[in-house]
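Below are the chains, spelled out letter by letter.
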Amino acid sequence: MTITDPTHTATTAHAASEATHASEAAHASEAADIDVARAALRARLLDDGVLIDLGSPGLYGRTGVFTRVYDAVDAAAVRSQADLDADVLRFPPVEPLAAFEQTDYIASFPDLAASISGFTGDDRTHRALLAARERGERWESFLQPADLMLTPAVCHPVYGLVTGTLPDGGRMFDIVGDSFRREPSLDPMRLQAFHMHEFVHIGTPATAQQHRDGRIPVMRELLESFGLEIDVVPANDPFFGRVGQMLARNQVEQSLKFEFVTPVYGHDHPWTAISSANLHEDHFGTSFAIRTADGEVAHSACIAFGLERITIALFAAHGTDPDAWPTEVLAALGL
Ligand code: 5GP
Ligand code: ZN
């Protein structure tokens, strides 16, 4: 979900105030420019019947043409990782609050998290809810937290399943599922509800690092075979608040996570992350009490294909009619 700007240049400390104003103006017009580009892509996807506006920013229905490409992207991603011989796991789009707690997500991304609420009241409370609704007021405050969170990253539920000691060689999982992040936006590359296909390894420090590093060229080759221009850059996740700025710096400095970015809106604008490769070190091993066969704290790494982002990047790069796409792109997609 991070947008990285490989073209970003640092401002110099001695910038005069006019220069600052000029650069602010330039930034403002850059920002306006990218909003125009985002709105144009969104309009094209809606007008050409690729996506359907559901009336809330970042929520779309998907048509046949979208689904055709999306399914092809997913199948090609799976083919590209077939040698991992990963165990297939699927989870619902919500996870138990207790499992969510153990991931520590709320410490880093409280603004992206979202919980499920349900009605647990009696007849009287129901009448009060209906009266509020009748007056045109919000009524969700009559609902109670249901101890369920919308899953923000599809590998989260797996760690609780491997608490204890791993077999020799660790475990490899293939997980695809819904991901929800509360960040309404009119950028069609930023959805609130989307899917990731992840290949997750849990093992030793060496095998986790090897999984992340070894998969990067494979992922890059796949995405480039789709006719997309790709750069691999250190990720800059939007950690929340003051402490978050430090976490973000650590993430970059320690090169824990890389993103595959592509210039959806052209070379002059920030490139967009369509996949990622992430080393968690012992983060989940410690939180979920996972040990390697020789008794050390387990390390983990996951690679994630952002399925909607790759699909929309393809429509942006090649147009909204897949039948007119270059033959080598169609071949890479198996279309
Ligand atoms: P990460 O966990 O690295 O933030 O997300 C993994 C991948 O999911 C990203 O590389 C990206 O492809 C996809 N992704 C992240 N955020 C969004 C989003 O807001 N919208 C969509 N469509 N995909 C996202
Ligand atoms: Zn993951």
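Only a predicted model underlies this, so the values are computations on that prediction, with no experimental measurement involved.

A. Structural context of the nonpolar core. One finds Y159, V200, I202, F226, F305 and L314 to be the most contacted residues of the largest nonpolar core, which totals 63 residues. It is helix α2 (residues 64-80) that provides the largest number of residues to this core, a total of seven residues. Counting residues in hydrophobic clusters, the runner-up holds eight residues, among them F100, Y105, F239 and A248.

B. Seen up close, the domain arrangement of the protein chain. Considered domain by domain, the protein chain is made up of domain 1 (40-114 + 152-333) and domain 2 (116-149). Relative placement of domain 1 and domain 2: their C-alpha centres are 34 Å apart. Facing eight residues of domain 1, the contacting portion of domain 2 comprises four residues. Summing both sides of the interface, domain 1 and domain 2 together bury roughly 560 Å²; the carbon and sulfur share of this comes to 70%.

C. Representation of helix α5 (residues 123-134) in the model. Under the 1.5 Å per step criterion, the end-to-end length of α5 is 16 Å for twelve residues, consistent within 8% with the ideal 16 Å. G136 sits one or two residues past α5 and shows a positive phi near 80°.

D. Structural view of the pattern of salt bridges. In total, this model carries 14 salt bridges according to the counting rule given. For R38, the salt bridge identified is with D35, shortest N-O distance 3.4 Å. With R38 and D35 both in helix α1 (residues 17-47) and three residues apart, the pair spans about one turn of that helix. The buried category is assigned to R38, whose relative accessible area is 19%. R190 is the salt-bridge partner of E183, the closest N and O atoms lying 3.1 Å from each other. For E183, a relative accessible area of 12% corresponds to the buried category. One continuous salt-bridge network, built from bridges that share partners, spans D35, R38 and D187.

E. Structural context of the side chain of T103. Here T103 is to be found in helix α3 (residues 97-103). Once residues within four sequence positions are removed from consideration, T103 is found in contact with H156, H283, F284 and F288.

About the criteria used
- Residues numbered from 1 in each chain as written.
- Chains lettered and ligands numbered in written order.
- Predicted model: local features only at pLDDT ≥ 70, side-chain atom pairs only at ≥ 80, totals over all residues.
- Heavy atoms only, no water.
- Core = buried A, V, L, I, M, F, W, Y, C linked by side-chain atoms within 4.5 Å.
- Buried < 20%, exposed > 50% of the residue type's maximum accessible area, 1.4 Å probe, protein only.
- Helix = DSSP H or I, 4+ residues; strand = E, 2+ residues; numbered from the N terminus.
- Domains from an automatic or database assignment.
- Contact = heavy atoms within 4.5 Å.
- Buried area = accessible area lost by both parts, 1.4 Å probe.
- Expected span 1.5 Å × (residues − 1).
- Salt bridge = Lys/Arg side-chain N within 4 Å of Asp/Glu carboxyl O.

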